[in-house]
Amino acid sequence: MNLKGPLDWPHLESLCGGYLHQDFTAEHGSAVQAARAWLADGSAVDARELSSEWRTFLNVTHGMGADARALALREVAGGAWAPTSEAEFEAVSALLIDAGHT
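Definitions and limits used
- Residues numbered from 1 in each chain as written.
- Predicted model: local features only at pLDDT ≥ 70, side-chain atom pairs only at ≥ 80, totals over all residues.
- Heavy atoms only, no water.
- Core = buried A, V, L, I, M, F, W, Y, C linked by side-chain atoms within 4.5 Å.
- Buried < 20%, exposed > 50% of the residue type's maximum accessible area, 1.4 Å probe, protein only.
- Helix = DSSP H or I, 4+ residues; strand = E, 2+ residues; numbered from the N terminus.
- Contact = heavy atoms within 4.5 Å.
- Expected span 1.5 Å × (residues − 1).
- Phe/Tyr/Trp six-rings, centres within 6.5 Å; stacked < 30°, edge-to-face > 60°.
- pLDDT = per-residue confidence, 0-100.

(A) Structural view of the nonpolar core. Ranked by internal contacts, the top residues of the largest apolar core, which has 29 residues, are Leu12, Leu15, Leu20, Trp54, Phe57, Leu73 and Trp81. Listing elements by their share of this core, those giving two or more residues are helix 1 (10-18), helix 3 (31-41), helix 4 (44-60), helix 5 (66-77) and helix 6 (86-98). In terms of residues, this core owes the most to one element, helix 3, which gives seven residues. With residues near it in sequence (within four places) discarded, Trp81 still touches Leu20, Phe24, Ala31, Leu73, Arg74, Glu88, Phe89 and Val92.

Right, here's the structure in full:
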């Protein structure tokens, strides 16, 4: 599935490429902590934009299994995060959705 094109993902690309890269566990300990670090380093506007992009990503990939969704995320935003469980994906997802309420 190619999600590039009409959709633009600059904040997701920043999160995934800059924080959820191949060394994110060594740097941050977990995907949730990496996402928290991105949110702490950015502005409230950045957080809302990331949250909006994340909700769009979830809508576009609705119905996909966790592995397919993770692959789609790496396709559109880069990075190396491959959630080890649905719970890990949901924890990051909840954080990113909640970031839109700041």
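(B) Quick peek at helix 4. Between its first and last C-alpha atoms helix 4 spans 24 Å; for 17 residues at 1.5 Å apiece the expected length is 24 Å, and the two agree. Considering only its buried residues, helix 4 is in contact with helix 1, helix 3, helix 5 and helix 6.

(C) The packing of aromatic side chains, seen in detail. Considering all chains together, one arrives at four aromatic pairs under this definition. Taken together, the ring pairs connect Trp9, Trp54, Phe57, Trp81 and Phe89 into an aromatic cluster.

(D) Molecular detail of the confidence of the model for the protein chain. Averaged over every residue, the pLDDT of the protein chain is 91; residues scoring 70 or more account for 92%. Mean pLDDT across the secondary structure elements of the protein chain bottoms out at helix 5, with 89, and peaks at helix 3, with 97.

(E) Examining the environment of Val60 more closely. Here Val60 shows up in helix 4. Residue class for Val60 comes out partly exposed when judged on its relative accessible area of 33%.

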